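# Coordinate analysis (summary)
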Amino acid sequence: MEYVPRERVNALTAVLSIVSLAVVFAAAGGRIPASTVPAAPQWFLDAIPHLNVAISVAAIGTITLGWRSIRRGNVDRHRLAMVASFGLFVAFLTFYLYRLIATGGPDPFPGPDTVYQFVYLPVLAIHIFLAVICVPLVYYVLLLATSRPTEELYQTSHARVGRLAASLWLISFSLGIVVYVLLHVGY
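Here the structure is a predicted model, which is why all the values come from computation and not from measurement. (Residues numbered from 1 in each chain as written. Predicted model: local features only at pLDDT ≥ 70, side-chain atom pairs only at ≥ 80, totals over all residues. Heavy atoms only, no water.)

### Concerning helix 3 (residues 75–103)
- In this model, helix 3 (29 residues) spans 42 Å end to end at C-alpha, consistent with the 42 Å of a helix rising 1.5 Å per residue.
- At the C-terminal side of helix 3, G104 shows a positive phi close to 90°. (Helix = DSSP H or I, 4+ residues; strand = E, 2+ residues; numbered from the N terminus. Expected span 1.5 Å × (residues − 1).)

Here you go:
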């Protein structure tokens with residue numbers, strides 16, 4: 001069943017990627033005023049990083065399950081796991097963006113300058129870089145999957161791009177957990 005016209009996959013991927021990344025960078029840069037989101041109690045804002053790390057762990061699990069399922073030929077389980085992964089990513093991003101906007105930007109690193117410079121910043125930079133790369137890849141494979149029947153996906157780049165997207169997504173989520181530990185547990 002075709003939900004997205006085939007000829008629109010590339011254009012939709014580009015538009016969704018640009019809009020998504022623009023919103024993320026605007027929120028991270030403090031360009032979106034806090035007045036654009038409903039006010040929340042401090043306990044809720046403080047809980048978001050902990051909630052997001054749980055979502056990240058769940059997403060790592062669903063991506064891994066989806067990857068294993070397709071390698072075993074279970075297309076239905078693969079589809080379910082990858083849609084769940086995308087849903088978890090959307091939930092993560094919604095909470096993350098809400099907190100960024102409500103608080104005016106990312107948390108400062110509370111630890112020593114040496115750890116900040118030689119551990120935190122490199123891990124954060126790689127995490128952000130991979131997340132930025134993943135956005136168009138994930139949109140592309142998702143839109144490709146919704147533009148054709150399953151049996152036709154084998155003649156597309158869905159599997160090749162999907163493997164790359166899943167690999168980078170797993171690494172990005174894992175590094176996000178390291179960033180969480182450095183910000184909220186280690187220091």
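### With respect to the packing of helix 2 (residues 42–71) against helix 3
- Between helix 2 and helix 3, whose axes approach to 8 Å, the crossing angle comes to 160°. Comparing their axes, helix 3 and helix 2 come out roughly antiparallel. Crossing of helix 2 over helix 3 shows left-handed handedness.
- Residues belonging to the contact of helix 2 with helix 3 are distributed by class as follows: 23 nonpolar, eight polar and two charged. (Axes fitted to C-alpha atoms, helices over the stretch in contact; angles between N-to-C directions. Parallel < 35°, antiparallel > 145°, perpendicular 65-115°, else oblique. Left-handed = near helix turned anticlockwise from the far one by under 90°. Nonpolar A, V, L, I, M, F, W, Y, C, P; charged D, E, K, R; others polar.)

### Looking at the confidence of the model for the protein chain
- Of the residues in the protein chain, 99% reach a pLDDT of 70 or more, and the chain-wide mean stands at 95.
- The secondary-structure element of the protein chain with the lowest mean pLDDT is helix 5 (residues 150–153), recorded at 91, while helix 2 shows the highest, at 98. (pLDDT = per-residue confidence, 0-100.)

### Quick word on helix 4 (residues 113–145)
- A rise of 1.5 Å per residue sets the reference length of helix 4, with its 33 residues, at 48 Å; its end C-alpha atoms lie 45 Å apart and thus fit the reference within 8%.
- Helix geometry: helix 4 is bent most strongly at Y120, by close to 35°, with proline P122 lying one to four residues after it. (Bend = angle between axes of the 7 residues up to and from the residue.)

### Focus on a nonpolar patch on the surface
- Residues V15, V19 and V23 make up a contiguous nonpolar surface patch of about 230 Å² in total accessible area.
- Structurally, V15 is set in helix 1 (residues 9–28). (Patch = residues over 30% accessible without salt bridge, like charges linked within 9 Å, V, L, I, M, F, W, Y side chains within 5 Å. Areas by Shrake-Rupley, 256 points an atom, 1.4 Å probe, with all protein chains shown as cover. Salt bridge = Lys/Arg side-chain N within 4 Å of Asp/Glu carboxyl O.)

### A word on the packing of helix 1 against helix 3
- Where helix 1 meets helix 3, the axes come as close as 8 Å, and the angle between the chain directions of the two elements is 35°. At the point where helix 1 passes helix 3, the crossing takes the left-handed sense. Of the residues in helix 3, those in contact with V23, V24, A27 and A28 of helix 1 are L93, L97, L100 and I101.
- The class makeup of the residues in the contact of helix 1 with helix 3 is eight nonpolar, no polar and no charged. (Contact = heavy atoms within 4.5 Å.)

### As for the pattern of salt bridges
- A complete count under the given rule lists three salt bridges for this structure.
- The partner of D76 in a salt bridge is R79, with the nearest N and O atoms 3.1 Å apart. One end of the pair is D76 and the other is R79, both in helix 3 and three residues apart, which spans about a single turn.
- Of the residues examined, D76 reaches a relative accessible area of 54% and is grouped as exposed.
- Classification of R79 as partly exposed rests on a relative accessible area of 38%. (Buried < 20%, exposed > 50% of the residue type's maximum accessible area, 1.4 Å probe, protein only.)

### Description of the environment of A145
- Here A145 is to be found in helix 4.
- Look at A145 and you get partly exposed, because its relative accessible area is 30%.
- Not counting chain neighbours up to four residues away, the residues in contact with A145 comprise L153 and H158.

### Focus: the packing of aromatic side chains
- Summed over all chains, the structure comprises 12 aromatic pairs.
- On the basis of an interplanar angle of 35° and a centroid distance of 6.1 Å, the ring pair of W169 and F173 is categorised as tilted. Of this pair, W169 and F173 are both found in helix 6 (residues 158–185), four residues apart, which corresponds to roughly one turn of the helix. For the pair formed by W169 and F173, the shared burial category is buried.
- Here a set of aromatic residues connected by ring pairs shows up, and it is made of F89, F92, Y96, W169 and F173. (Phe/Tyr/Trp six-rings, centres within 6.5 Å; stacked < 30°, edge-to-face > 60°.)

### Comments concerning the environment of I60
- Within the secondary structure, I60 is located in helix 2.
- Classification of I60 by relative accessible area gives partly exposed; the value is 21%.
- The sequence separation of I60 and A11 amounts to 49 residues, and the corresponding C-alpha distance is 28 Å.
- Those residues in contact with I60 that lie beyond four places of it in its chain are L170, F173, S174 and I177.

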